[in-house]
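Fold and contact review
This is what each chain is made of:
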Amino acid sequence: MNLYNVYPLFDITPIKGEGSYLWDAEGQKYLDLYGGHAVISIGHTHPHYVKRITEQLNKIGFYSNSIKNPIQSELSDKLGAISGYMDYQLFLCNSGAEANENALKLASFASGRKKVIAFNKSFHGRTSGAVAATDNPKIVSSFNTGHEVEFIPLNDKEAADKAINEEVAAVIIEGIQGVGGIQFPENDFLAFLRKKCDAAGSYLILDEVQSGYGRSGYFFAHQSAEIKPDLITTAKGMGNGFPIGGVLIHPKIKPWAGQLGTTFGGNYLACVAGLAVLEVIEEERLIQNAEKLGKYLLQELKSFSSLENVRGRGLMIGFNLPENLLGLRNDLLYKYKIFTGAAGKEVIRLLPSLGLKKKEADEFLEALSDALKNSKQ
Ligand SMILES: Cc1ncc(COP(=O)(O)O)c(C=O)c1O
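Residues numbered from 1 in each chain as written. Predicted model: local features only at pLDDT ≥ 70, side-chain atom pairs only at ≥ 80, totals over all residues. Heavy atoms only, no water.

1. Points about the sheet that holds strand 13 (residues 338–339)
Formally: Should DSSP find at least two bridges between two strands, the strands are taken to pair. Helix and strand assignments come from DSSP, with helices taken as H or I runs of at least 4 residues and strands as E runs of at least 2, each series counted from the N terminus.
The strand order across the open sheet formed by four strands is 1-2-3-13, and the pairing between neighbours is mixed. What marks the edges here is a single partner per strand, and that holds for strand 1 (14–18) and strand 13. Strand direction decides the pairing type here: strand 1 and strand 2 (residues 21–24), joined by four bridges, are antiparallel. The residue bridging Lys-16 from the neighbouring strand is Trp-23, located in strand 2.

2. Considering the packing of aromatic side chains
This is how the line gets drawn: Ring geometry is summarised as follows: Phe, Tyr and Trp rings, the Trp one being its six-membered ring, pair when their centres sit within 6.5 Å, and such pairs are stacked at plane angles under 30 degrees, edge-to-face over 60 and tilted between the two. For every residue, the accessible area (1.4 Å probe, protein chains only) is compared with the maximum for its type, and the residue is labelled buried under 20%, exposed over 50%, or partly exposed between those bounds. Cation placement over rings: the criterion is NZ of Lys or CZ of Arg within 6 Å of the ring centroid and within 35° of the ring normal.
Tallied over the full model, the rule gives nine aromatic pairs. Each ring, one from Tyr-21 and one from Trp-23, has its centre 6.4 Å from the other, and the planes form 50°; the classification is tilted. Centre to centre, the rings of Tyr-30 and Phe-339 are 5.4 Å apart; their planes meet at 45°, and the pair counts as tilted. Pair noted here: Tyr-30 is in strand 3 (residues 29–32) and Phe-339 is in strand 13, with a separation of 309 residues, a long-range link. A single burial state applies to Tyr-30 and to Phe-339, both of which are buried. For Lys-16, the ring lying beneath its charged end belongs to Trp-23, and the centroid distance is 4.4 Å. Over the ring of Tyr-85 we find Lys-228, and its NZ or CZ is 4.7 Å from the ring centre.

3. Some words on the pattern of salt bridges
In plain terms, the rule: Just to be clear on terms, a salt bridge is a Lys or Arg side-chain nitrogen sitting within 4 Å of an Asp or Glu carboxyl oxygen.
All told, the structure shown has twelve salt bridges when counted by the stated rule. The salt bridge partner of Lys-115 is Glu-150, with a shortest N-O separation of 2.9 Å. Here Glu-150 lies in strand 6 (residues 149–152) and Lys-115 lies in strand 5 (residues 115–119), a separation of 35 residues in the sequence. Owing to a relative accessible area of 12%, Lys-115 belongs among the buried residues under this scheme. We classify Glu-150 as partly exposed; its relative accessible area is 30%. One salt bridge in this structure joins Glu-291 and Lys-295, with 3.4 Å as the shortest N-O distance. Of this pair, Glu-291 and Lys-295 are both found in helix 10 (residues 286–301), four residues apart, which corresponds to roughly one turn of the helix. Residue class for Lys-295 comes out exposed when judged on its relative accessible area of 54%.

4. Examining the site of the ligand
Where we set the bar: A cutoff of 4 Å decides nearness: a residue is near a molecule or strand if any of its heavy atoms lies inside that distance of it. Nitrogen and oxygen atoms within 3.5 Å of one another constitute a polar contact, given that in protein one can donate a hydrogen and the other can accept it, and given that sequence-neighbouring residues count only through two side-chain atoms. Accessibility throughout is a Shrake-Rupley quantity obtained with a 1.4 Å probe, and a residue counts as covered only by protein chains that appear here. Polarity classes work like this: nonpolar for Ala, Val, Leu, Ile, Met, Phe, Trp, Tyr, Cys and Pro, charged for Asp, Glu, Lys and Arg, and polar for all others, with Gly in that last group.
Near the ligand the following residues occur: Ser-95, Gly-96, Ala-97, Asn-100, Phe-123, His-124, Gly-125, Glu-174, Asp-207, Val-209, Gln-210 and Lys-236. Asp-207 is positioned such that a nitrogen or oxygen atom in its side chain is 2.7 Å from a nitrogen atom of the ligand. In this structure, an oxygen atom belonging to the ligand sits 2.9 Å away from a side-chain N or O atom of Lys-236. Relative to its unbound accessible area of 390 Å², the ligand is 82% covered by the protein chains. Ranked by residue count, the leading element in the shell around the ligand is helix 4 (residues 96–111), at three residues. Looking at the shell around the ligand residue by residue, the class counts come to three nonpolar, six polar and three charged.

5. Focus on the sheet that holds strand 8 (residues 203–207)
Pairing between the strands of a sheet comes from backbone hydrogen bonds, and it takes one of two forms, parallel or antiparallel. Here is the rule we go by: All axes are obtained by fitting lines to C-alpha atoms, using only the stretch in contact for helices, and the reported angles, taken between N-to-C directions, cover 0 to 180 degrees.
With mixed pairing, the seven strands of this open sheet are ordered in space as 4-10-9-8-7-5-6. The outermost strands of the open sheet, each flanked by one partner alone, are strand 4 (89–93) and strand 6. On average, each strand axis in the sheet is inclined to that of its neighbour by 20°, with strand direction left out of account. By the bridge criterion, five bridges tie strand 4 to strand 10 (residues 245–249) in an arrangement that is antiparallel. Looking across to strand 10, one finds that Leu-90 is bridged to Leu-248.

6. Some points on the side chain of Asp-230
Counted only if it meets this: Contacts between residues were defined by any pair of non-hydrogen atoms, one from each residue, lying within 4.5 Å.
Within the secondary structure layout, Asp-230 lies in the loop between strand 8 and strand 9 (231–234). Classification of Asp-230 as buried rests on a relative accessible area of 1%. At 2.7 Å, the side chain of Asp-230 forms a polar contact with the backbone nitrogen of Leu-204. Other than its neighbours up to four places away in sequence, Asp-230 contacts Tyr-88, Arg-194, Ser-202, Tyr-203, Leu-204, Leu-248, Ile-249, His-250, Lys-252 and Ile-253.

7. Brief notes about helix 3 (residues 70–83)
The periodicity of an α-helix, 3.6 residues per turn, causes residues three or four places apart in sequence to face the same way. Stated formally: Under the convention used throughout, the expected extent of a helix is 1.5 Å for every residue step, that is, one less than its residue count.
Under the 1.5 Å per step criterion, the end-to-end length of helix 3 is 20 Å for 14 residues, consistent within 8% with the ideal 20 Å. Listed as buried for helix 3 are Ile-71, Leu-75, Leu-79, Gly-80 and Ser-83. Where the residues of helix 3 are buried, they touch helix 2 (47–59), strand 4, strand 10 and helix 9 (268–283). The residue sitting at the N-terminus of helix 3 and contributing the capping side-chain oxygen is Asn-69; that oxygen lies 2.8 Å from the backbone nitrogen of Ile-71. Of the residues flanking the end of helix 3, it is Gly-84, one or two places downstream, whose phi is positive at about 85°.

8. Regarding the pairing of strand 3
Working note: regular strand, side chains alternate between the two faces of the sheet. Note: strand 2 against strand 3, three bridges, orientation antiparallel. Across the sheet, Leu-22 pairs through a bridge with Tyr-30, a residue of strand 3. In textbook terms, the turn of a hairpin is the stretch between consecutive antiparallel strands, and for strand 2 and strand 3 this stretch comprises four residues, one of which, Gly-27, has a positive phi near 85°. In this sheet, strand 13 lies alongside strand 3 in parallel orientation, the contact comprising two bridges. When the bridges of strand 13 are listed, Asp-32 appears paired with Phe-339.

9. Points about the pairing of strand 12 (residues 316–320)
Here strand 12 lies mainly inside the structure; five of its five residues are buried. Burial along strand 12 is two-sided: Met-316, Gly-318 and Asn-320 and Ile-317 and Phe-319, pointing in opposite directions, are all buried. With four bridges connecting them, strand 11 (residues 308–313) and strand 12 associate as antiparallel partners. Following the sheet pairing, Arg-313 is matched in strand 12 by Met-316. Taken together, strand 11 and the strand that follows it, strand 12, pair antiparallel across an intervening segment of two residues, in which Gly-314 is found at a positive phi of about 55°.

Just distances and angles here, no functional claims.
And the structure:
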């Protein structure tokens, strides 16, 4: 049977990973500054993470939600404490799209409304609810998602003022737009959305699937604005590659049996993976490292005059490429053995492990300097 061919893939197969590095079958080493769509938060095969998952697998591997699972409470307590959202409730699921889907459902249940406000260039995932809130006309126009979504420009208070009214169930916004090319909601725009949602009785959903878990130098990127959303969604770095997602839910939203559900969400192994990630983030001060290394990388990247609009927070960094450098990402991969990410053709996205070391950042900067010199010849 053929695999359903929807992914544009590089012809490289890593068979081993450690920290910020990968190796292929020929023993070729690669520096990974992308972490398979931002999932590698604490580094490949971190020993503490491997030990925790292995120990759990040898005790009881998988069991789903029909029994009490004490590791779920351990995870929610630890996540509450580290994130500063101890008074919120946690619903566990398996992916970012599923987290957003559940957040949209909760906003709808709680408000009794259907309409959603989302932002230009947003990305929220591939389920029909999440994709309806994603600014991708090619996909959304080709099937009926059944969702009523209005898109407005990011950081446009006038448009937000007009759009958010008493028909709106939810406003969904990324902590930092990732797929949209590393774009930041301004702090006072988030504060404005908070106020408008309160006035209209709408629910503010912060999608922190890519920007959360310490990546921005805050636990969640929106915390720079000192606002509290009604719902926060998370996945990706939450399990360092193990599929796990979650919705942090304001205490005013009340659960009832059967309101949400999933077979696999919150299984033992996923919870242990999630706990191990938080333990390493805390023990190794990875949020502080993300902030420090992010500042260093930004400052150094800004010194390359051929890179345009270098921007970032913590270890979520982007820059634009002029027309003559559109081959840079391939050069970095095939000549310099460095994985980076992209957003469209002209933006390079860096989403390395939060444990990135200065010498690894320097290795990248040297390669970049060389690649830029050679591309001019
Ligand atoms: C901001 C954001 N939300 C949601 C998703 C969807 O997550 P998943 O692919 O785990 O469903 C992504 C994935 O890239 C994302 O970047």
